[in-house]
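Chain residues, written in single-letter form:
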Amino acid sequence: MPGMLGLYDTPTNDMALDLDTRTAVFNEVIDQVNQEFQPAVLQSPTEEQRRRIRERVETHIATALRKHNCRPGAQQEAILSEDLTRRILGLGFLDTLLPPARTDISEITIYSSGLVQIMKKGSVRWETIDLHPEAGEIWRVLDRLIGPQNKTLNETNPSINAKLPATPHNPGGGRIKALHPVIVPPGRNPSINIRLYEQKPVTAEWLLERGLLNTEMMDYLRQAMQDGQRILISGGTRTGKTTLLSALCNFLPQTWRIVKIEDPEEIWVDRPTVQTVEARPQAVGTDVKPYTLADGVDDAMRMSPDYLVIGEVRDGIAAMSLFRALMTGHSGACTFHADSPREAVRRLATVMGADASVRPHEANQMISDALDLLVQIGIRNEVRRVVAISKIAKDLKNGDVFFETVYQYVEKLSAIEPQWEKSAV
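Residues numbered from 1 in each chain as written. Predicted model: local features only at pLDDT ≥ 70, side-chain atom pairs only at ≥ 80, totals over all residues. Heavy atoms only, no water.

(A) Representation of the packing of helix H10 (residues 316–327) against helix H12 (residues 360–370) in the model. Direction vectors running N to C along H10 and H12 enclose 45°, while the axes themselves pass 8 Å from each other. With respect to H12, the element H10 is oriented oblique. You can see that H10 and H12 cross each other, and the crossing is left-handed. Counting all contacts with H10, which are made through Met-320, Phe-323, Arg-324, Leu-326 and Met-327, the residues of H12 involved are Met-366, Ile-367, Asp-369 and Ala-370. In the contact of H10 with H12, the residues fall into seven nonpolar, no polar and two charged. (Axes fitted to C-alpha atoms, helices over the stretch in contact; angles between N-to-C directions. Helix = DSSP H or I, 4+ residues; strand = E, 2+ residues; numbered from the N terminus. Parallel < 35°, antiparallel > 145°, perpendicular 65-115°, else oblique. Left-handed = near helix turned anticlockwise from the far one by under 90°. Contact = heavy atoms within 4.5 Å. Nonpolar A, V, L, I, M, F, W, Y, C, P; charged D, E, K, R; others polar.)

(B) The arrangement of the pattern of salt bridges in detail. Summed over all chains, the structure comprises 23 salt bridges. Between Glu-107 and Arg-195 there is a salt bridge, with its nearest N and O atoms 3.0 Å apart. Of this pair, Glu-107 sits in strand E1 (residues 105–110) while Arg-195 sits in strand E6 (residues 191–196); the two residues are 88 residues apart in sequence, bridging distant segments of the chain. Judged by its relative accessible area of 6%, Glu-107 is buried. One network of salt bridges, with partners in common, ties together Arg-22, Asp-83 and Arg-86. (Salt bridge = Lys/Arg side-chain N within 4 Å of Asp/Glu carboxyl O. Buried < 20%, exposed > 50% of the residue type's maximum accessible area, 1.4 Å probe, protein only.)

(C) Geometry of the layout of surface pockets. Within this model, the second largest pocket holds a volume of roughly 980 Å³. Around the second largest pocket sit 32 residues that line it, and Lys-151, Asn-161, Ala-162, Asp-263 and Pro-281 are the ones nearest its centre. Only strand E4 (159–164), strand E5 (174–179) and E6 provide two or more residues apiece to the lining of the second largest pocket. In terms of residue count, the dominant contributor to the lining of the second largest pocket is E4 (five residues). For the lining of the second largest pocket, the residue count by class is twelve nonpolar, nine polar and eleven charged. (1 Å grid on protein atoms, 1.4 Å probe; cavity = no way out; pocket = protein on both sides within 12 Å on 5 of 7 lines; lining within 4 Å. Points joined across faces, edges and corners; volume = space filled by probe spheres on them.)

(D) Expanded view of empty space enclosed by the protein. Summed over all chains, the structure comprises two cavities of 30 Å³ or more. In this model, the largest cavity occupies a volume close to 40 Å³. Around the largest cavity, the lining residues are Thr-242, Glu-262, Asp-263, Pro-264, Glu-266, Gly-311, Glu-312 and Arg-314. Among the residues forming the lining of the largest cavity, the class breakdown is one nonpolar, two polar and five charged. Quantified by volume, the second largest cavity comes out at close to 30 Å³. Listed by contribution, the elements that provide at least two residues to the lining of the second largest cavity are helix H5 (135–146) and E6. The element contributing the most residues to the lining of the second largest cavity is H5, with three residues. When grouped by side-chain class, the residues that make up the lining of the second largest cavity number eight nonpolar, no polar and no charged.

This is the structure we're talking about:
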C-alpha cells in the first residue's frame, strides 16, 4: 500500500547495537507508526504531523530498546530516533547527502554492488564515501522517489528516467537515472545516478569565480544574448554545458518571453516570463504517445517566443526542428554533446542524416544559416574552461562550416591564472 513502510535491512552505522537487535527495534517501531498514522499522512505529512510522528518514533524507540534490555544512552537513542525518522519521513540514506545536510554535492551514484560515490561541485572526479545502505533500503528510497511519478522499475521496464522533486532546501531538484538489477551485474540492488541542479540561479559571478571564462568573454556573451544571437554550446560529459546556458539566459532582456524545451527540465531562469515545455517518453504498456523535443520546438514556434532555449539536442529530428525555427527568424540557444567545434558539426550532420535523411552538405548549410556563435566548453587540467568562442560564417568553405575564432583558451605552464587569447575577427 502506498505510504506504508515495510521490513527491510538496515546499515550498521550505529555500533552500540548488534544488527539483529537494531533491525528488530526498527521493525517494531515501523509497525507501530504504520498503525498510528494513515498512509497518506506518512507519504505527505504537514509540519505538525512531522513533529507528532517524530515524537512517537522517539517514544517507541525508547520502549523497544527497554524491551530488548538495551540501554545505549540518551545520545545513541537520539541517533537511532533521527535515523528512523529520516527513513519514515524522508529519503533514508539520501537525506544525509541532499540539502540541507550537504550543499557541496553535484552528483550521487549508487552502484549495483551497493558502493556509493559523490561528485562535489566544481570537481570532475568521483569520490567514494563511507556509506553502506542495504539493498532493501535502496529499493525503498527509489520507490519513494519514483512512485509519486507513476513510474516503476522492473524486469519489463529495466531503465527509467525520473525527477528528484524540488524542495524548499533543494529548489533546483534534480534528475534520476535508474537501472534494474537484471541488467547491471552483480545486481544486488538497482544502479542509480542522481544529478543535482543548482539550488539557485547560476550567475555570471559564479562562473567567473571558478575560472570558466574571463570578464571580457562574459561581456561578449552578455551582449550576444541581449542581441538575440543564436548560440550553440558544445562540450563533453560533465563539462558544464547546461550550467553555462543557465547563466547566459539570465542576460536576456527582462521583458522577453522565453520558452524552454527540455528533457528533463534543468535550466533555471529566475523570472516570471519563462514557459517550460518538457518532453516525455511513451508510457510503457499504454497507447500514450511520446512527446519529443521536436514536438516541443514545433509547439514553441506557435507560442510567440522572443527566445527559444533547448536544453540539449540529442537526435537529428530535434536538430532539424530547432534549425528550421532558427532559420525562420527565431532567436535561441541550445547545447550539444561534442568535444570540439568541428566534431559538433560532424556529429550534427551525422544525426541529421541518420534520423532525418539530410545530406551532409545540406546539414552544413542549415548549421551555418541557423547559428551565429559556437561556444566550446571542455576540461583542462581537471578544471572546466570555455575553450573557444567562435563566430559561424554564413558561407560554407569547400562544403564545410567555417569558424572565425573570437576567443581561444591557451595552455601556459608558467601562468598562474587561466589564459585566453582574443583573435582579430
